[in-house]
Each structure stands twice: as structure tokens, then as C-alpha cells.
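Residues per chain, in single letters:
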Amino acid sequence: MTEAEDPLVAFLRRLSVGTRRTNAELIAALTALRVDDSELDHATRLVCRLLTKEPYSFMQACLGASHWRARIDDPSVPARVMRMTASRINRINQRVFELYEADFGSTRATMHHLDAVAQHNEHMVPYLEVLLQNGAAAIFGVHEAGPERLADHWVPQLFDDRGRLVDWVDAVVARGDALKHYGGDTNTIIGIYDWIRDDPGLGFLRIPKDVERLDLGAGFGTPYVEDLFGGPFTALDLHPPADARRLGLTLALQRGRRDERRALTPEEHEQYFRRLEAQPWIKYDIFAQPLPTTSDRLLVASFGFLSSTVVSLSPLQQAIPPRLRPLHTTYTAVRRVLEPVAAGKDVSLFTLQRATARAYMNRAVFLRFVEGRLVDHGLAAEPHQGRYVRGVVPIRRPRRNKKKPRPAAD
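Residues numbered from 1 in each chain as written. Predicted model: local features only at pLDDT ≥ 70, side-chain atom pairs only at ≥ 80, totals over all residues. Heavy atoms only, no water.

## Let's talk about the overall build of the protein chain
Formally: A run of DSSP states H or I qualifies as a helix once it reaches four residues; a run of E qualifies as a strand once it reaches two. Both are numbered from the N-terminal end. Within these notes, the globule rule equals 2.2 Å times the number of residues to the 0.38 power, and the radius of gyration is based on C-alpha atoms. Residue contacts are counted whenever heavy atoms from the two residues lie within 4.5 Å of one another. Charge assignment in this entry is limited to Lys and Arg as positive and Asp and Glu as negative, and neither His nor the chain termini are counted. Where a charge lies is defined by one atom per residue type: Lys uses NZ, Arg uses CZ, Asp uses CG and Glu uses CD.
Secondary structure assignment for the protein chain yields 15 helices and 10 strands. Here the C-alpha radius of gyration of the protein chain, 21 Å, is about what a compact globule of 410 residues would show, namely 22 Å. Taken over the C-alpha atoms alone, the protein chain extends approximately 65 × 55 × 35 Å along its principal axes. For the protein chain, the proportion of contacts with a sequence separation of at least 24, taken over those separated by at least 6, is 74%. Of the charged side chains in the protein chain, 56 are positive and 50 negative; the average position of the first set lies 5 Å away from that of the second.

## Some points on the environment of I207
To keep things clear, this is the line we draw: Here the term buried applies to any residue with accessible area under 20% of the maximum for its type, exposed to any over 50%, and partly exposed to those in between, with areas from a 1.4 Å probe on protein chains only.
Note on placement: I207 falls in the loop between β1 (189–190) and β2 (212–216). Looking at I207, the relative accessible area reads 4%, which means it is buried. Put simply, I207 and L238 are 31 residues apart on the chain and 27 Å apart in space, counted from C-alpha to C-alpha.

## Looking at the sheet that holds strand β4 (residues 252–253)
Going by this rule: Two strands pair under a simple rule: DSSP has to find at least two bridges between them.
Taken together, the three strands give an open sheet; going across it, the order is β1-β4-β5, and neighbouring strands pair in mixed fashion. Strand pairing shows two members of the sheet lacking a second neighbour, β1 and β5 (262–263), which therefore form its edges.

## Points about the pattern of salt bridges
Keep this limit in mind: What makes a salt bridge here is a side-chain nitrogen of Lys or Arg within 4 Å of a carboxyl oxygen of Asp or Glu, nothing more.
Applying the stated rule across the entire model yields 27 salt bridges. One salt bridge in this structure joins R91 and D152, with 2.8 Å as the shortest N-O distance. Placement of the pair is R91 in helix α6 (residues 91–101) and D152 in helix α9 (residues 147–158), with a sequence separation of 61 residues. Take R91: its relative accessible area is 29%, and that puts it in the partly exposed class. With a relative accessible area of 45%, D152 lands in the partly exposed category. Taken together, the salt bridges that share partners define one network made up of R175, D177, D243 and R246.

## Quick notes on the pairing of strand β7 (residues 297–303)
A large share of β7 lies buried, amounting to six of its seven residues. Where β2 meets β7, four bridges bridge the pair, whose relative direction is parallel. Paired with D215 across the two strands is A301, which belongs to β7. By the bridge criterion, seven bridges tie β7 to strand β8 (residues 346–352) in an arrangement that is parallel. When the sheet's bridge partners are listed, L298 is paired in β8 with V347.

## A few points about the nonpolar core
Inclusion rule: We define a nonpolar core as any set of buried Ala, Val, Leu, Ile, Met, Phe, Trp, Tyr and Cys residues linked to one another through side-chain atoms lying within 4.5 Å.
Within the largest apolar cluster, 73 residues are counted, with the highest numbers of intra-cluster contacts made by W68, M111, F229, F303 and F350. Judged by nonpolar contacts, the second largest core, of 44 residues, contains L26, V35, L291 and I320.

## A short note on the packing of helix α3 (residues 40–51) against helix α15 (residues 325–342)
Note the threshold: Interaxial angle, 0 to 180 degrees, is taken between N-to-C directions of lines fitted to C-alpha atoms, where a helix line uses only the stretch in contact. By definition in this entry, angles of less than 35 degrees are roughly parallel, angles greater than 145 are roughly antiparallel, angles of 65 to 115 are roughly perpendicular, and the rest are oblique. By the definition used in this description, the sense in which the near helix is turned from the far one sets the handedness, with an anticlockwise turn below a right angle giving left-handed and a clockwise turn giving right-handed. Ten residues, namely Ala, Val, Leu, Ile, Met, Phe, Trp, Tyr, Cys and Pro, are considered nonpolar, four, namely Asp, Glu, Lys and Arg, are considered charged, and the remaining ones, Gly among them, are considered polar.
One can describe the packing of α3 onto α15 by two numbers: an axis separation of 9 Å at closest approach and a directional angle of 130°. Classed by the angle they form, the pair α3 and α15 counts as oblique. Crossing of α3 against α15: the hand is right-handed. Across from L40, D41, A43, T44, R45, V47, C48 and L51 in α3, the residues of α15 making contact are T330, Y331, V334, R335, L338, E339 and A342. When the residues that make up the contact of α3 with α15 are grouped by side-chain class, the tally is nine nonpolar, two polar and four charged.

## Structural notes on the sheet that holds strand β3 (residues 234–237)
Read across the open sheet, the seven strands follow the order β6-β3-β2-β7-β8-β9-β10; overall the sheet is mixed. For this open sheet the edge positions go to β6 (281–283) and β10 (373–381), each flanked by a neighbour on one side alone. Between one strand axis and the next, the sheet turns by 15° as a mean value, whatever way the strands run. α3 contacts β8, β9 (362–370) and β10 of the sheet and is inclined by roughly 155° relative to β9. Along the sheet, α15 contacts β2, β7, β8 and β9; its crossing angle with β8, the most-contacted strand, is approximately 160°.

## Regarding the packing of aromatic side chains
Convention followed: Any two rings among Phe, Tyr and Trp, with Trp reduced to its six-membered ring, count as a pair given centres within 6.5 Å; such a pair is stacked if its planes are under 30 degrees apart, edge-to-face if over 60, and tilted if neither. Here, a charge over a ring is recorded when the distance from Lys NZ or Arg CZ to the ring centre is within 6 Å and its angle to the ring normal is within 35 degrees.
The tally for this structure, following the rule as stated, stands at 11 aromatic pairs. Ring centres of F303 and F350 lie 6.0 Å apart, and the angle between their planes is 20°; on these two criteria the pair is classed as stacked. With F303 in strand β7 and F350 in strand β8, this pair connects stretches of sequence that are 47 residues apart. Judged by its relative accessible area of 9%, F303 is buried. Chaining the aromatic ring pairs together yields one cluster made of Y193, Y224, F229, F233, F303 and F350. Positioned over the ring face of Y100 is R108, at 5.3 Å from the centre of the ring.

That's the geometry; what it means functionally is another story.
Okay, structure coming up:
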């Protein structure tokens, strides 16, 4: 069967284009369904469209003439990390950009090396600023999360003539760890989602209490998720929560979306690491098995994973065109959540979007199904990007060949 004939690939292509249907229309279509085995795929596709719906307006990264732009426009060299970094012009990345333009120390060699190792998905760096935060901790023994201090003091040292960041990156790869862990794939910022408690459309009072709780794609954030929801969760991930201590990750604290971010103190790190080491965990791969639950009442939370735009590290993901693989992860994860719905269970889904390569309208989504019917829902919507987040869609490399016609939005 050719790629174009594969119904799943065809759907993922349409999903990548987006939908013209409003949130109200998508919710109405879900409400009209009784989710059983015959409607499972239909329901999965509707939820996927709801989770990946684009804002009506959003920001796209654009670069002026520069050495950086010349590099990412060159089709003969890899540039995944540099393209992603250019879309996240925060204080730290601005400083790296300036050092790159000035040909300071090892800056250009380091960025080119990061792009080279990022050709392997496990070493892609979604957030350069997080990699530098963890690099500073590993190399200099300092846990720093304040952007000004990192940018002004530590970034020039990481990119000086000694090439210490390259040496550390190579050491991480050589010992078999995924560089993506250090570059934000499991970026843990305690307190950053406290706003959910006060959002009128997402109040936690409507979420069932007497349920089995699963944190899907948990990373190292499950203790914070437990604090948010006020109850215990089981972490579902490929890697154990206790890995945070072994990796030596710097964890941050930020109370409120606009408050100053800081690294945890050594005492706070120790306390959080102990919680992670005691955290119930099941090694879980969405491409391998159904959700590991025997309960008839279930809450699945997913903070970032379910709608991630980062390629999954699972070795079991089927052959899908690379640019569609993150959407394939979303599709598969949503289907896993809806399988117990089709079996007649009481299932609640709470997902928060943390996409890095796309802009999504519905920042957080709550859906509850009982006996196959959608009985409650809540949305934190952002029709015009800027209320919850000010990210931008990354720069795309110019295509030299004629593009195939894109599917029309549904």
C-alpha cells in the first residue's frame, strides 16, 4: 500500500492543515456520538481536531539577513536546533544569537554540533535555554534558572573558546542518555500551571475525585500534578521518574505566569527528588498497549505529552512521514484514552497543550465521558495567541522543490 493510500497517513495530513470548525461545532459533534467500538476512530479524530485546532491568529518566526539565517537556509546542513532556537527569542536565546553573529568563541561550532547530533530524535533539543540551564549545572555546579543571569553570566562561559558545552554534550551522548532530556523534553517548572485552579472554564471542582488517576507521558512532573489535583497519580512513561536525580536535572519554580522563575534550592531539589523516587510508575508505551487500568472510573491527565510537537522516542512507532510523527503520537494517545470510553467506563481527560512547533488554540481541555457519551467539558481557549503563551511557530526551511498540493482544511 502506498503512503497516499494509507487512511491514517491521509488523516494526519488533513490534521496538520487544521480545521475550520469552531470549538462549539467540534464539541457538538462529540456530544452527538455514542462512543463504542464502531465510533472509536470517529471520536478519536474529533478529539484530535479539538486538541490541535489553531488560533485564528498567531505569531510566526521571521529572521532578517544574518549569519544565522544563512545557515538555516542552507539545505546541505542540518539545522533543526537552530530553527527551533530562532523561534524562541527569549533573553537567553537572544544572547546566543548575538554571540553567533559575532563569531564568539565556540558558539558557531557548538550550535552546528547540536544540529548534527539532533539528526537522531533522542538528541533533539526543543528548548535551548533549558539545555544551557542544565549544562551550567553540570559544568559549573550551579543551578540557575533566572534568564538574565544565565544570559549575561553563564552563556558566554558555555560558548567560550574552551568548547566546554560541546564536551558535555558528547559525554551525555557517549554514556547513552538522551540529550532531549536535558533540552526540555521533560522540562519541569513547579507552579507554572497554578492558574488552572482559577480558570472559570476548568475549575477542578467539576473533575471527579473518586477515580484512578494516570499521568500520561509524565516525565518528572507527577508530584506537581498531584499537588494540582489534590490526589495521587500513577506516572506512565518510558523512563522512571527517579531518573531526574541520576541525570542531575535543574528543576525550576515559578508561581504565576509572569512571576520570576528561579531554580530550586539544593534542599528543594532533594525534597522533590525524593518524591520522584517514591512516585508510583509504570513503564508505558502508547504504541505497545492499552492504558494499564482495571478501574471503571478513570482520570487521565497529560501535561504536554498528548499534544506534543516533539517526535516520540518510542521504537515501536510505525513508519510515518517524519513531519507527521508528532500528530501520530497525539492520535494514538487519544485513541488509548477513548478505548475505555468505548468499553463503557467513566473516563475524564485533562490535557494541557505545550506545543513548541505549532500554535494551538485550546490551551487546556477537559472532557468527561460516561457510558460512551460526552457529559461535561471545559476549555481554556486562546482564539488570538497571547493570553496564555507568547510562543511562535518555528521558521521552516525554504523548499527548493515544488511542493505537493496541501489538503484543504475540513
